[in-house]
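So the chains spell out like this:
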Amino acid sequence: MRSKIVLVLLLSLTVFFNVGCWDVQEINRRVSTNAVFFDVDSTGKIKMGTVFSVPGTLLPPVIGTQQQFQKRNYIITAEDTSITDAWSKLQAKSERDIYFGQLRAIVLTEKAARGDINNLLDFIGRIPYVPPNTTLLVTKDDPKELLDMKNESNNIPGNYVDLFFQTNSKKTMAIPIDLWRVLAQMDNKTSDPHIPMIKASEGSYDISGTALFSNNHFVGKLDLEETKTLALIKGSSTGYLTVPLENGDYVAFKDVNSKNDITLELDNNGKVTFGIKTKVSGAIVETNPRKMEITEEDKKVIVSHAEAEIHKRISDLFVKLQSLNSDTVGLGEKFRVKYPGEWQKNNWRQIYPNCQINLETSFIVRRTGLFR
């Protein structure tokens with residue numbers, strides 16, 4: 001009986017030691033950010049900014065009605081010589097604890113991206129609750145003005161930007177990339193990130209190309225046509241392709257898709273050769289001069305020009321990527337898997353610019369019907 005009484009007393013005492021979680025954060029002490037940006041000034045100071053929703057405007061806008069509010073967001077910024085100190089100042093400006101669980105977009109300026117982006121992204125990735133699928137973007141514009149701009153639907157900037165780049169119709173011109181994927185690429189060192197670029201245009205946003213990286217540093221950019229070619233190589237293209245013919249004539253395709261087969265060989269002299277076979281298909285939607293009927297002979301001519309055009313675009317792209325030492329396609333991963341011993345002994349950064357690239361392209365016209 002006495003032992004039971006002692007047991008009950010011990011169990012009762014545990015209540016005083018289990019009164020709550022040590023890291024609990026009351027929801028009314030939080031303020032959610034939906035976008036974060038980083039910039040670097042001329043002195044090297046890091047500027048960090050966060051975008052917040054204006055209380056009372058969280059309901060989505062109703063189509064066809066006039067909103068009762070002019071802006072649905074506000075921005076606070078801070079800067080210092082280190083990202084940690086900049087973050088401390090930023091948090092000190094907020095009356096509540098900044099919560100990153102609803103973060104939708106991370107924007108880097110070109111100046112910030114020219115430094116080691118691993119420092120910035122590793123810092124933000126270590127903050128609790130940051131979604132690993134947060135969209136990454138690079139801009140040449142002032143990021144504060146870019147994100148503070150009232151978009152066409154007066155939506156919260158982070159949500160709007162994320163939805164803007166996730167739309168299927170834009171995936172050929174802007175290949176979306178998430179925070180976790182960039183962090184994985186930087187950790188594995190078998191490929192380099194490529195991040196969509198955004199700019200202000202007509203009071204809204206526009207795609208300006210793709211930022212290229214080498215060893216975690218911004219080294220150059222692709223324009224929209226080059227980005228389409230990169231999408232072909234990576235097999236993520238679902239867009240349009242225009243092929244020049246002769247005498248200013250052309251043919252345009254929609255629903256363009258591609259499949260790639262990449263092989264490689266290492267000879268006795270240490271020379272690495274990649275063989276890339278790209279199979280592309282598409283449906284004709286426009287021709288100039290306009291033809292109501294495309295013959296088999298026309299089709300052969302079109303296929304021949306399409307294969308030549310795709311071959312040239314891919315070849316020119318690899319020349320540019322290798323000159324920048326940017327392994328955006330991920331050939332390093334192919335090399336590591338097939339020749340792990342050589343990967344350990346050699347520096348891929350020295351091998352990649354001198355790799356031989358042998359291309360083989362083929363094109364299939366799926367449909368020749370034209371829009372009425």
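Here the structure is a predicted model, which is why all the values come from computation and not from measurement.

Things to note about the overall build of the chain
Logical step 1: On a plain count of helices and strands, the chain comes out with 12 helices and 13 strands.
Logical step 2: The 372 residues of the chain split such that 44% are buried.
Logical step 3: Once local pairs closer than 6 in sequence are excluded, the contacts in the chain between residues at least 24 apart make up 69%.
Logical step 4: Just so you have it, the chain exposes about 20,400 Å², and 51% of that area is on carbon and sulfur atoms.

Brief notes about the nonpolar core
Note on soluble globular proteins: their nonpolar side chains tend to be buried together.
Logical step 1: Phe253, Phe274, Phe318, Leu331, Trp348 and Phe363 are the most contacted members of the largest nonpolar core, which has 41 residues in total.
Logical step 2: Elements with a contribution of two residues or more to this core: α8 (224-234), β10 (241-244), β11 (250-266), β12 (272-288), α9 (296-323), α10 (331-338), α12 (348-351) and β13 (356-367).
Logical step 3: With 8 residues, the single largest contributor to this core is α9.
Logical step 4: Beyond its immediate sequence surroundings of up to four residues, Phe363 is in contact with Leu241, Phe253, Val280, Ser281, Gly282, Val303, Ala306, Glu307 and Ile310.

A short note on the pairing of β10
Logical step 1: Burial along β10 is one-sided: Leu241 and Val243 are buried, and none of Thr242 and Pro244, which face the opposite way, are.
Logical step 2: Sheet topology places β10 next to β11; 4 bridges connect them, and they run antiparallel. Of the residues in β11, the one forming a bridge with Val243 is Val251.
Logical step 3: Here β10 folds back onto β11, and the loop between the two strands holds 5 residues, one of which, Asn247, carries a positive phi near 60°.

Thoughts on the sheet that holds β10
Logical step 1: One open sheet accounts for 4 strands, arranged β10-β11-β12-β13; its pairing is mixed. The strands lining the two open edges of the sheet, one partner per strand, are β10 and β13. Ignoring which end each strand starts from, the neighbouring axes of this sheet average 40° apart.
Logical step 2: Examined bridge by bridge, β12 and β13 share 11 bridges and lie parallel to one another.

Overview of helix α4 (residues 117-126)
Quick reminder: α-helices carry 3.6 residues per turn. Residues three or four places apart thus point the same way.
Logical step 1: Of all the residues in α4, the buried ones are Ile117, Leu120, Leu121, Phe123 and Ile124. Seen end-on, α4 carries its buried residues on one side only, within an arc spanning 155°.
Logical step 2: Among the residues of α4, the N-terminal cap falls to Asp116, whose side-chain oxygen and the backbone nitrogen of Asn118 are separated by 2.9 Å.

Concerning the pattern of salt bridges
Logical step 1: For the coordinates displayed, the defined rule picks out 16 salt bridges.
Logical step 2: The closest approach of N and O atoms between Asp162 and Arg104, which form a salt bridge, is 2.7 Å. Of this pair, Asp162 sits in helix α6 (residues 157-166) while Arg104 sits in the loop between β4 (97-99) and β5 (105-109), and the two are 58 residues apart along the sequence.
Logical step 3: As a salt-bridge pair, Glu225 and Lys228 come within 3.3 Å of each other at their nearest N and O atoms.

So, how was this worked out
Within each chain, residue numbers correspond to sequence positions counted from 1 in written order. Whole-chain, interface and lining totals are the exception, using all residues; otherwise, since this is a predicted model, local features are given only for residues with pLDDT of at least 70 and side-chain atom pairs are given and counted only at 80 or more. To obtain the side-chain values, all non-hydrogen atoms of the structure were used and water was disregarded. By definition, any uninterrupted DSSP run of H or I lasting at least four residues is a helix, any uninterrupted run of E lasting at least two residues is a strand, and each is numbered from the N terminus. When a residue's accessible area, from a 1.4 Å probe over protein chains only, is under 20% of the maximum for its type it is buried; when over 50% it is exposed; and in between it is partly exposed. Contacts: residue pairs with any heavy atoms within 4.5 Å of one another. Per-residue and other accessible areas follow the Shrake-Rupley method at a 1.4 Å probe size, with only the shown protein chains counted as cover for residues. In these notes, a set of buried Ala, Val, Leu, Ile, Met, Phe, Trp, Tyr and Cys residues joined through side-chain atoms within 4.5 Å is what counts as a nonpolar core. By definition, two strands form a pair when at least two bridges between them are found by DSSP. Working convention: axes come from line fits to C-alpha atoms, limited for helices to the stretch in contact. Angles between N-to-C directions cover 0 to 180 degrees. What the arc describes is the spread of directions from the helix axis to the C-beta atoms. Counted as a polar contact is a pair of N or O atoms within 3.5 Å, where, for protein atoms, one must be capable of donating a hydrogen and the other of accepting one, and residues adjacent in sequence contribute only when both atoms are in side chains. We define a salt bridge as a side-chain nitrogen of Lys or Arg found within 4 Å of a carboxyl oxygen belonging to Asp or Glu.

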